[in-house]
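# Summary of the model geometry
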Amino acid sequence: MSFEIVTVPCREDNYAYLVHADGKTALVDAPETAPLKKALADRGWSLDEIWITHHHDDHTIAVADLRSGAVVRGAKADEYRLPELDVAHEDEDTFEFAGREVSVVDVSGHTVGHIAFYMAAEKAAFTADSLMALGCGRVFEGTFDQMWASLSKLAALPSETMIYSGHEYTAANGRFAATIEPENPELKARLERVAAARATGQATVPSQLSEELATNPFLRAGLASVKSSLNMPDANDAEVFAEIRRRKDSF
Ligand code: ZN
Ligand code: FE
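Now for a look at the structure at hand. (Residues numbered from 1 in each chain as written. Chains lettered and ligands numbered in written order. Predicted model: local features only at pLDDT ≥ 70, side-chain atom pairs only at ≥ 80, totals over all residues. Heavy atoms only, no water.)

### Re the coordination of the iron ion (ligand 2)
Using the following cut-off: Because no water is among the atoms considered, metal sites can look incomplete, with donors defined as N, O and S atoms within 2.8 Å of the metal, or 3.2 Å for Na, K and Ca. Any site counts as irregular unless it has four donors with all angles between 85 and 135 degrees, making it tetrahedral, or four or six donors with opposite ones more than 155 degrees apart and the rest between 65 and 115, making it square planar or octahedral. A helix here means a DSSP run of H or I that spans at least four residues, while a strand means a run of E at least two residues long, and both kinds are numbered starting from the N terminus. Under the scheme applied here, a residue whose accessible area is under 20% of the maximum for its type counts as buried, over 50% as exposed, and between as partly exposed, the area being computed with a 1.4 Å probe on protein chains only.
Taken together, Asp58 (OD), His59 (NE2), Asp129 (OD) and His167 (NE2) make up the full set of protein donors to the iron ion (ligand 2), lying 2.1 to 2.4 Å away. Coordination at the iron ion (ligand 2) is irregular: its 4 donor atoms span angles of 84 to 169° at the metal. Here the iron ion (ligand 2) and the zinc ion (ligand 1) are spaced 3.1 Å apart, and both take aspartate 129 as a donor. Here aspartate 129 lies in the loop between strand S10 (124-128) and strand S11 (131-132) and aspartate 58 lies in helix H2 (residues 57-60), a separation of 71 residues in the sequence. On the accessibility criterion, aspartate 58 (15% relative accessible area) is buried. For aspartate 129, a relative accessible area of 4% gives the class buried.

### So, the nonpolar core
Note the threshold: By nonpolar core we mean a set of buried residues, namely Ala, Val, Leu, Ile, Met, Phe, Trp, Tyr and Cys, connected to one another through side-chain atoms within 4.5 Å. Only heavy atoms enter the contact rule, under which two residues are in contact if any of them lie within 4.5 Å.
Judged by nonpolar contacts, the single largest core of 28 residues is most densely connected at Leu131, Leu151, Phe218, Leu230, Val240, Phe241 and Ile244. Put simply, the parts of the chain that give this core at least two residues each are strand S9 (115-119), helix H4 (144-155), helix H5 (170-180) and helix H9 (237-249). For valine 240, the residues in contact, after removing those within four places along its chain, are Ala221, Val226, Lys227, Leu230, Met232 and Ala235. With 21 residues, the next largest nonpolar core counts Cys10, Ile50, Ala62 and Val72 among its residues.

### A word on the packing of aromatic side chains
This is how the line gets drawn: Pairing of aromatic rings covers Phe, Tyr and the six-membered ring of Trp, with a centre-to-centre limit of 6.5 Å; geometry is then stacked below 30 degrees between planes, edge-to-face above 60, and tilted otherwise. Counted as over-ring charges are cases with an Arg CZ or a Lys NZ within 6 Å of the ring centre that also lie within 35 degrees of the ring normal.
Scanning all chains against the criterion turns up 13 aromatic pairs. On the basis of an interplanar angle of 85° and a centroid distance of 5.1 Å, the ring pair of tyrosine 17 and tyrosine 164 is categorised as edge-to-face. Here the residue tyrosine 17 occupies a position in strand S2 (residues 14-21), and tyrosine 164 occupies one in strand S13 (residues 162-165), the gap between them amounting to 147 residues. Geometry around tryptophan 45 places arginine 43 over its ring, the cationic atom sitting 5.7 Å from the centre. Lying over the aromatic face of phenylalanine 95, arginine 73 brings its terminal NZ or CZ to 3.7 Å of the ring centre.

### Describing H9
Rules: The length a helix should cover is 1.5 Å for every residue beyond the first. The term polar contact refers here to a pair of N or O atoms within 3.5 Å; inside protein, the definition further demands a hydrogen-donor-capable atom paired with an acceptor-capable atom, and it admits residues adjacent in sequence only when both atoms are side-chain atoms.
Taking 1.5 Å per residue, 13 residues should reach 18 Å; H9 reaches 18 Å between its end C-alpha atoms and fits that length. The set of residues buried in H9 consists of Ala238, Val240, Phe241, Ala242, Ile244, Arg245 and Lys248. Buried-residue contacts for H9 involve strand S12 (135-136), H4, H5 and helix H8 (224-229). Residue asparagine 236 occupies the N-cap position of H9, its side-chain oxygen lying 3.1 Å from the main-chain nitrogen of alanine 238.

### Looking at the layout of surface pockets
For the record, the criterion: Here a cavity is any set of points on a 1 Å grid over the protein atoms alone where a 1.4 Å probe fits but cannot get out, and a pocket is any open set with protein on both sides within 12 Å along at least 5 of 7 lines; a residue lines the site when it has an atom within 4 Å of a point. Grid points are joined across faces, edges and corners, and a volume is the space filled by probe spheres set on the points. Any residue that is not Ala, Val, Leu, Ile, Met, Phe, Trp, Tyr, Cys, Pro, Asp, Glu, Lys or Arg is counted as polar, Gly included; the first ten are nonpolar and the last four charged.
The space that makes up the largest pocket amounts to roughly 180 Å³. Taken together, 14 residues make up the lining of the largest pocket; nearest its centre are His110, Cys136, Gly137, Arg138 and Tyr169. In the lining of the largest pocket, the residues fall into 4 nonpolar, 5 polar and 5 charged.

### Observations concerning the coordination of the zinc ion (ligand 1)
Where a metal carries four tetrahedral donors, each ideal angle is 109.5 degrees; where it carries six octahedral donors, the ideal angles are 90 or 180 degrees. Protein-derived ligands of the zinc ion (ligand 1) are His54 (NE2), His56 (ND1), His110 (NE2) and Asp129 (OD), with the metal-ligand distances lying across 2.2 to 2.3 Å. Each of the 4 donor atoms around the zinc ion (ligand 1) contributes to a set of angles spanning 86 to 174°, which defines the coordination as irregular. When the donors of the zinc ion (ligand 1) are listed by position in the chain, the intervening gaps give H-x1-H-x53-H-x18-D. Take histidine 54: its relative accessible area is 0%, and that puts it in the buried class.

If you want it as structure tokens, here you go:
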């Protein structure tokens with residue numbers, strides 16, 4: 001029983017992931033052909049599946065080059081604008097990969113039809129541009145309410161879940177997070193760890209959900225301390241999330 005997740009840096013700041021379980025390999029998102037082909041060749045692996053989180057080019061452009069024979073999965077809601085799907089999934093679908101259960105979670109907001117792939121027994125969630133390390137994706141297509149609902153679903157997963165997100169934006173996200181909670185000691189400590197990792201070119205992903213809950217301002221919009229520091233003591237959680245997201249957009 002072997003299980004391994006390999007993080008593959010692609011393009012400027014994208015991450016793709018190879019999920020390798022008992023001789024089977026799935027790719028989560030396909031940002032760039034060459035580094036993914038190399039990561040597979042270096043290990044002697046070939047793709048059995050490709051799991052697409054959302055339609056943006058920086059997550060899908062290499063599907064055509066890499067798919068030969070692989071089962072391609074994505075959201076039914078996005079089927080019209082994704083590479084051709086072999087399996088089109090709806091929210092809360094589950095499927096089996098190498099004897100393991102994978103759940104599909106609709107996390108619309110960044111785009112409508114963005115999905116995450118969650119492997120409960122392996123404590124792994126592939127969240128791409130929904131929940132990110134110290135941040136979340138910009139709300140391009142959905143509403144702030146929808147993004148808040150999506151983040152709330154992810155926040156409710158077991159706190160030891162590892163969050164495999166789509167980009168190396170953590171340092172910049174951290175600079176923004178410090179403007180929302182400058183006195184949060186766990187955030188300060190995390191920013192030091194992030195700076196040290198980036199200084200040596202290490203990835204800051206995956207991150208554990210527990211540390212996101214303690215430091216990610218987008219998951220902390222419901223806290224009374226955050227509301228009062230934004231002068232929004234009586235606002236509902238989604239309104240506070242929207243305010244934080246707007247501030248980040250112009251940060
Ligand atoms: Zn995106
Ligand atoms: Fe992206």
